[in-house]
Amino acid sequence: MKARIENLLNEISAMTAQVPDEVEQLRLKYLSKKGQVSVLFDEFRNVPAEQKKEIGQLLNHLKNAAQDKIESLKSAFEGKEDVPSQMMDFSRPVDHMEPGTRHPLSIVRNEIVRIFGQIGYTVAVGPEIEDDWHNFSALNFPPEHPARDMQDTFFIATDPEILLRTHTSSVQIRTMETMPPPIRKIFPGRVFRNEAISARAHCIFHQVEGLYVDHNVSFMDLKQTLLYFAREMFGEHTEIRLRPSFFPFTEPSGELDVSCNICGGKGCNICKYTGWVEILGCGMVDPAVLDNCGIDSKIYTGFAFGMGIERITLLKYQVKDLRLFFENDLRFLRQFTGTI
Ligand code: DAH
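Our next topic: the packing of helix α5 (residues 104-117) against helix α8 (residues 219-234). With their axes 10 Å apart at the nearest point, α5 and α8 run at an angle of 135° to one another. As the angle between them shows, α5 and α8 are arranged oblique. Seen along the crossing, α5 lies across α8 with a hand that is right-handed. Contacts between α5 and α8 involve V108, E111, I112, R114, I115 and F116 on the former and, on the latter, T225, Y228, F229, E232 and M233.

In this section: the site of the ligand. The full set close to the ligand counts 15 residues, and H167, S169, R193, Q207 and E209 are the nearest of them. Taking E209, its side chain carries an N or O atom lying 2.6 Å from an oxygen atom of the ligand. Isolated, the ligand exposes 350 Å² of accessible area, and the fraction of that covered by the protein chains is 89%. The set of elements that each furnish at least two residues to the shell around the ligand consists of α7 (169-178), β6 (204-214), β9 (276-285) and β10 (301-308).

What follows concerns the pattern of salt bridges. One pass over the full model with this rule turns up 17 salt bridges. Taking the shortest distance from any N to any O, the salt bridge between R27 and E24 comes out at 3.0 Å. Note that R27 and E24 are positioned in helix α2 (residues 20-31) at a spacing of three residues, about one turn of the helix. When its relative accessible area of 29% is taken as the criterion, R27 is described as partly exposed. On the basis of relative accessibility, which here comes to 33%, the residue E24 falls in the partly exposed class. For R114, the salt bridge is made with E111, and the minimal N-O distance between the two is 3.0 Å. Residue R114 and its partner E111 are located together in helix α5, separated by three residues, close to a single helical turn.

The next point concerns the environment of K69. Mapped onto the fold, K69 is located in helix α4 (residues 52-77). Residues K69 and N328, 259 residues apart in the sequence, show an inter-C-alpha distance of 51 Å. Excluding residues within four positions of it along the chain, K69 makes contact with I12, S13 and M15.

Calculation rules
- Residues numbered from 1 in each chain as written.
- Predicted model: local features only at pLDDT ≥ 70, side-chain atom pairs only at ≥ 80, totals over all residues.
- Heavy atoms only, no water.
- Axes fitted to C-alpha atoms, helices over the stretch in contact; angles between N-to-C directions.
- Helix = DSSP H or I, 4+ residues; strand = E, 2+ residues; numbered from the N terminus.
- Parallel < 35°, antiparallel > 145°, perpendicular 65-115°, else oblique.
- Left-handed = near helix turned anticlockwise from the far one by under 90°.
- Contact = heavy atoms within 4.5 Å.
- Near = heavy atom within 4 Å.
- Polar contact = N/O pair within 3.5 Å; in protein donor to acceptor, adjacent residues only side chain to side chain.
- Areas by Shrake-Rupley, 256 points an atom, 1.4 Å probe, with all protein chains shown as cover.
- Salt bridge = Lys/Arg side-chain N within 4 Å of Asp/Glu carboxyl O.
- Buried < 20%, exposed > 50% of the residue type's maximum accessible area, 1.4 Å probe, protein only.

Set out below in structure tokens:
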């Protein structure tokens with residue numbers, strides 16, 4: 001018995017394994033129910049009483065040595081990705097992997113960034129949780145302006161000074177406060193309004209804001225920039241028209257319509273038979289807003305514009321219900337295969 005224990009001990013201490021499978025074979029050979037170590041344990045009951053103590057200790061020592069060795073061989077393979085090539089089955093079919101597609105809103109956002117990037121605009125971002133100054137006050141919203149009403153704005157807890165930004169115009173302010181002109185930036189981001197969710201409105205949506213501040217920036221520059229954008233986005237035959245409007249932070253202000261890309265201007269239910277669809281708000285930055293940000297309005301002028309990414313995407317892809325953008329139904333999302 002003693003000699004057999006001794007032999008097994010030597011065998012076990014010399015054990016090696018090339019691949020994880022061999023470790024398992026060794027475990028079975030020595031430690032399974034019919035394994036060589038277990039067999040010795042079975043024979044232990046025949047050992048004469050006076051030797052039981054000594055043999056018992058040797059057997060326990062053997063079992064521990066075998067277990068330790070198996071564990072150390074096993075751990076040598078853990079975390080090792082290099083399986084020897086003879087263990088690989090190159091003919092096995094690969095696991096089926098669904099190729100992803102970009103979300104339509106990301107495709108359109110990236111396209112807007114690309115279009116303005118070509119004429120020198122770079123991207124800046126700001127926080128989604130804003131203070132009253134950057135979202136409203138610095139943008140010339142008088143204290144009683146209805147957009148501050150609880151119906152539109154999500155306030156954080158009970159502090160009326162802290163809110164979820166209702167537009168990306170807040171990032172205009174942050175940029176002008178920190179960057180001297182010339183400024184040529186676009187600001188994509190998520191915005192929040194306390195609106196009932198429907199086919200045409202959501203409480204979370206996305207905007208891209210643009211801002212250009214320099215010497216002698218005029219309304220003509222604004223119009224030309226928007227014409228360039230509309231044709232890049234909707235096609236070279238797209239026409240634009242500007243209608244007068246009002247925003248507290250721009251003077252004068254306008255809304256931009258593009259000729260309906262669905263009916264080509266002839267009239268359809270998307271453009272409500274007018275031939276035109278509104279895509280953004282814009283205007284010359286109000287001098288008071290420049291001054292609020294420490295930019296001298298006697299030296300500099302600027303224009304700004306802001307558009308909803310959902311709206312542009314609805315038009316571009318003729319999607320009828322913007323809730324589809326947020327439901328993440330793969331059957332819907334798979335239809336969009338933008339390259340950027
Ligand atoms: N902030 C406006 C909105 O959310 C959009 C807008 C209009 C942005 C005119 C502008 C602008 O920069 O000049 O409805």
